[in-house]
Amino acid sequence: MDMQRIPAQEGNYNLQNYDKVRAGFSWDEVKKNFSWNETGKVNIAYEAIDRHADNPDKKDKVALLYSSPDREEKMTFDEIRKKSNQFANVLKKYDVNKGDRVFLFLPRTPEFYAAFFGILKTGAIAGPLFEAFMEQAVRDRLKDSEAKMLITTPELLGRVPQEDLPNLEKIVLIGESDKTSDKYIHYAEEMKEASTDFDIEWVDLEDGMLLHYTSGSTGKPKGVYHVHNAMIQHYATGKWVADLNEDDVYWCTADPGWVTGTSYGIFAPWLIGATNVVRGGRFSPDDWYGTIDKNNVTVWYTAPTALRKLVSAGETKVKDHDFSSLRHIMSVGEPLNPEVVTWGLKAFNMRIHDTWWMTETGAMLIVNFPSMELRPGSMGKPIPGVEASIVDNEGNELPPNQMGNLAIKKGWPAMMRKIWNNESKFESYFVNGWYVSGDSAYKDEDGYFWFQGRLDDVINTSGERVGPFEVESKLIEHPAVAEAGVIGKPDPERGEIIKAFITLNDGYTESDELLEEIRQFIKTGLSAHAAPRELEVKDTIPKTRSGKIMRRLLKSWELGLPTGDTSTLEE
Ligand code: PRX
């Protein structure tokens, strides 16, 4: 075990008295930072945007610092307020109401943010979709959520299925298009006409705000349902862990199609009133270093995959840029390798703070914060107001240094409130009052948590969560594929890559062309990040007697590990 330790530092919100803060902690204290605390009626869009726009000192402050290779734009809090009000008026005109699901399938552009807050202001539930999704992925989500409206661009419209979605009434198109049917609403035309005033729909803390679809090991992606109450934790962790204050220029690299991109790419920085950097386009080391340098980013939240790519890009690239503005770095999504932490100390002269949480948890839970000693390789300790533990399968707590299920005592503010249309799935997460994460970990004597791996078949490739079932289902849609089993295979840069084992239907023979065609079929039908990097043809795929694919066995074979219990294997 790595016993390297990196000493604590000063931060803006020192939690040096961590144990004492935890002991006397109540989320009610955090609520006092919000005006709704008295009325109980709330809207996260108001707290993140309009509250600052109402403040004469902050109204003209740059909220969004947007750039992509072909566009640069700044938006103040007041400008986002007005644009989102206009969009909320457009939505009302077409009968969007509280609780309706309105999805966004957009590239990372300033319009995304105006539309997103417009949706929330009507009391509707926003469903952001990752820009790289293809038709099947889009269909599954719109269908399951019974989305009433979709906001997209003419370029992405080709990936939006036009049949089999009876609830989808309207599609808003951002960008020039000659579509004329009643189904389409043209953004520019409607926005021109729309008032910049809007009466926000005040909702209850427990009313729905967001649906983020995420993958498990079985079934289609699940709609994780979050409520406005999550803001309490976005705000608190934005301070404690991201160390943010109003003067910061903050950059979260995650796409808003994933939970990091909403909780920490939108809510945390704006609830605090910081300037939020959004960079469109694709990853490259020069582009990312340039984004920090040009925008004078002070606080940066990113992922191990990206950091590992920066490490491989070498030291000269670091020396080509000026990082003097940067003062705090965080990471999420996968284990943060101790070597990367060591590299961070050298490259930036800064600690990289690992944070652990999930789509289902809505906000950070186990973290490293500034006034805490770092133990590279450890995810850190639970935030105040959160109790974490290692439990056995019955939900009994295990002693230090024993590996088990990483679990959280039910009831933190940002916790998902349901799985859309799937109550039994929601309930299956909880055992004996604990939310059981599906990750295995242990806790050392000093209360630091150490991630060990996933306990299910969920794949984590480049920090993105992929369900093997989704990929397998798509694979067998290809005429050549009879059966498919999909696993995550360890990879030094991506964490895991997707490997698919398939059997072929009669009449097909294995060839490089066929395998490439199948790969492309997933890439263009489901999404690029879900396409198997490795495909192997087998004579049979191991299954249980009840017909379940034994991915664990495939994985053991692939990695040359002991195969364990195979008593349920089909003859
Ligand atoms: O396995 C854990 C891994 O990512 C999973 C959650 O994925 P997702 O819902 O897509 O959310 C990602 C970002 C919030 C977890 O079950 N994971 C997340 N953070 C870490 C991690 N694994 C190791 N270390 C982390 N810091």
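All values derive from a computational prediction rather than experimental measurement.

**Student:** I'm lost on the overall build of the protein in this one. Help?
**Tutor:** Helix and strand counts for the protein come out as 17 helices and 29 strands. Its C-alpha atoms give the protein a radius of gyration of 24 Å, near enough to 25 Å, the size a compact globule of 571 residues would have. Taking the principal axes of the C-alpha coordinates as reference, the protein spans close to 75 × 65 × 50 Å. Expressed as a percentage of the 571 residues in the protein, the buried residues total 48%. By sequence separation, contacts in the protein at least 24 residues apart represent 68% of the contacts at least 6 residues apart.

**Student:** Any chance you could explain the UniProt feature "domain: AMP-dependent synthetase/ligase" (unreviewed entry) in the protein here in plain terms?
**Tutor:** Taken from the UniProt record, the annotation "domain: AMP-dependent synthetase/ligase" (unreviewed entry) applies to residues 58-417. Secondary structure content for residues 58-417 is 30% helix and 24% strand, and the end C-alpha separation is 33 Å.

**Student:** Explain the nonpolar core to me, please; I cannot follow it from the model alone.
**Tutor:** Generally speaking, soluble globular proteins have nonpolar side chains that are buried together. Core analysis: the largest hydrophobic core is formed by 153 residues, its most contacted members being Leu104, Phe116 and Leu365. Here this core spans two domains, since at least three of its residues come from each of domain 1 (18-442) and domain 2 (459-559). Discounting residues that sit within four places of it in the chain, Leu104 has contacts with Phe112, Ala115, Phe116, Ala126, Gly127, Pro128, Leu129 and Ile151.

**Student:** How do you make sense of the domain arrangement of the protein when you look at a structure like this?
**Tutor:** When the parts come together, some accessible area is lost, and that loss is often what is quoted as the size of the interface. Under the domain assignment used here, the protein contains domain 1 (18-442) and domain 2 (459-559). Between the C-alpha centres of domain 1 and domain 2 there is a distance of 30 Å. Across the boundary between the two partners, domain 1 contributes 21 residues, which contact 19 residues of domain 2. At the level of secondary structure, the elements contributing two or more residues to the side of domain 1 that touches domain 2 comprise helix H6 (135-145) and helix H11 (304-313). No other element matches the four residues that H11 contributes to the side of domain 1 that touches domain 2. Taken together, the residues that form the side of domain 1 that touches domain 2 break down as seven nonpolar, nine polar and five charged.

**Student:** Quick question: what am I supposed to make of the UniProt feature "domain: AMP-binding enzyme C-terminal" (unreviewed entry) in the protein here?
**Tutor:** If you check UniProt for "domain: AMP-binding enzyme C-terminal" (unreviewed entry), the listed places come out as residues 470-548 in our numbering. The span residues 470-548 carries 25% helix and 32% strand; its end-to-end C-alpha distance comes to 14 Å.

**Student:** How do you make sense of the sheet that holds strand E3 (residues 71-76) when you look at a structure like this?
**Tutor:** Consider a sheet: its strands pair through backbone hydrogen bonds, and that pairing is either parallel or antiparallel. With mixed pairing, the nine strands of this open sheet are ordered in space as E3-E2-E13-E12-E14-E15-E16-E17-E18. The open sheet has two free edges, formed respectively by E3 and strand E18 (381-382), since each of these has just one partner strand. Running over the sheet, helix H9 (residues 259-272) touches strand E2 (62-68), strand E12 (249-252), strand E13 (275-279) and strand E14 (299-302) and is turned about 170° from E12.

**Student:** Help me understand the site of the ligand, please; the structure alone is not making it clear to me.
**Tutor:** Taken together, 21 residues sit near the ligand, with Trp356, Met358, Thr359, Phe451 and Arg465 positioned nearest. For the shell around the ligand, the secondary structure elements donating two or more residues are H9, strand E16 (352-356), strand E23 (434-443) and strand E24 (449-454). Tallied by class, residues from the shell around the ligand come to eight nonpolar, eight polar and five charged.

**Student:** I tried to follow the environment of Tyr264 on my own but got confused; where do I start?
**Tutor:** Among the secondary structure elements, Tyr264 is positioned in helix H9. Separated by twelve residues in sequence, Tyr264 and Cys252 have C-alpha atoms that sit 6.7 Å apart. Residues within four places of Tyr264 in sequence aside, it is in contact with Cys252 and Tyr301.

**Student:** What's the story with the packing of helix H3 (residues 44-53) against helix H4 (residues 77-93) in this structure? I'm lost.
**Tutor:** Two quantities define a packed helix pair, namely the angle between the axes and the distance from one axis to the other. Where H3 contacts H4, the two axes come as close as 7 Å, and the packing angle between them is 125°. In this view, H3 runs oblique relative to H4, as classed from their interaxial angle. Read as a crossing pair, H3 and H4 show a hand that is left-handed. Contacts from Ala45, Ile49, Asp50, His52 and Ala53 of H3 reach H4 at Phe77, Asp78, Ile80, Arg81 and Ser84.

**Student:** I keep staring at the pairing of strand E27 (residues 481-491) and nothing clicks. Help me out?
**Tutor:** Within a regular strand, side chains alternate between the sheet's two faces. The sheet contact formed by E27 and strand E28 (residues 495-504) spans ten bridges and is antiparallel. Bridging across to E28, Gly488 finds its partner in Ile498. Counted between consecutive antiparallel strands, the loop separating E27 from E28 contains three residues.

**Student:** Just to check I follow, could you spell out the packing of helix H15 (residues 468-475) against helix H16 (residues 512-525) for this structure?
**Tutor:** Direction vectors running N to C along H15 and H16 enclose 120°, while the axes themselves pass 10 Å from each other. Between H15 and H16 lies a crossing of right-handed hand. Of the residues in H16, those in contact with Val471, Lys474 and Leu475 of H15 are Ile518, Ile522 and Gly525. Of the residues assigned to the contact of H15 with H16, the class counts are four nonpolar, one polar and one charged.

**Student:** How do you make sense of H3 when you look at a structure like this?
**Tutor:** Because an α-helix packs 3.6 residues into every turn, residues spaced three or four apart end up facing the same way. Of all ten residues in H3, nine are buried, a share of seventy percent or more. By the burial criterion, the buried members of H3 are Ile44, Ala45, Tyr46, Glu47, Ala48, Ile49, Asp50, His52 and Ala53.

**Student:** I tried to follow the environment of Phe521 on my own but got confused; where do I start?
**Tutor:** By the element assignment, Phe521 lies in helix H16. On the basis of neighbour count, Phe521 is assigned to the partly exposed category, with 18 C-beta atoms found within 10 Å.

**Student:** What should I look at first to understand H15 in this one?
**Tutor:** In terms of burial, H15 is a largely internal element, seven of the eight residues being buried. All of the buried residues along H15 are Pro468, Phe469, Glu470, Val471, Glu472, Lys474 and Leu475.

**Student:** Just to check I follow, could you spell out the pairing of E24 for this structure?
**Tutor:** Direction of pairing for E23 relative to E24: antiparallel, over a ladder of five bridges. Bridge pairing links Lys443 to Phe449 in E24. Here E23 hands over to E24 after five residues, with Gly447 in that stretch at a positive phi of 90°.

**Student:** Sorry, what's going on with the environment of Phe198 here?
**Tutor:** Locating Phe198 in the fold gives a position in the loop between helix H7 (187-193) and strand E9 (203-204). Judged by C-beta crowding, with 22 C-beta atoms within 10 Å, Phe198 ranks as buried. Look past the residues within four positions of Phe198 in its chain and what remains in contact with it is Asn85, Ala88, Asn89 and Lys121.

Thresholds, definitions, all that
Residues numbered from 1 in each chain as written. Predicted model: local features only at pLDDT ≥ 70, side-chain atom pairs only at ≥ 80, totals over all residues. Helix = DSSP H or I, 4+ residues; strand = E, 2+ residues; numbered from the N terminus. Rg over C-alpha atoms; globule rule 2.2 N^0.38 Å. Buried ≥ 20, exposed ≤ 12 C-beta atoms within 10 Å, placed from the backbone. Contact = placed C-beta atoms within 7 Å. UniProt positions renumbered as here; feature names shortened; annotations may be inferred. Core = buried A, V, L, I, M, F, W, Y, C linked by C-beta atoms within 7 Å. Domains from an automatic or database assignment. Nonpolar A, V, L, I, M, F, W, Y, C, P; charged D, E, K, R; others polar. Pairing = 2+ DSSP bridges. Axes fitted to C-alpha atoms, helices over the stretch in contact; angles between N-to-C directions. Near = placed C-beta within 6 Å. Parallel < 35°, antiparallel > 145°, perpendicular 65-115°, else oblique. Left-handed = near helix turned anticlockwise from the far one by under 90°.

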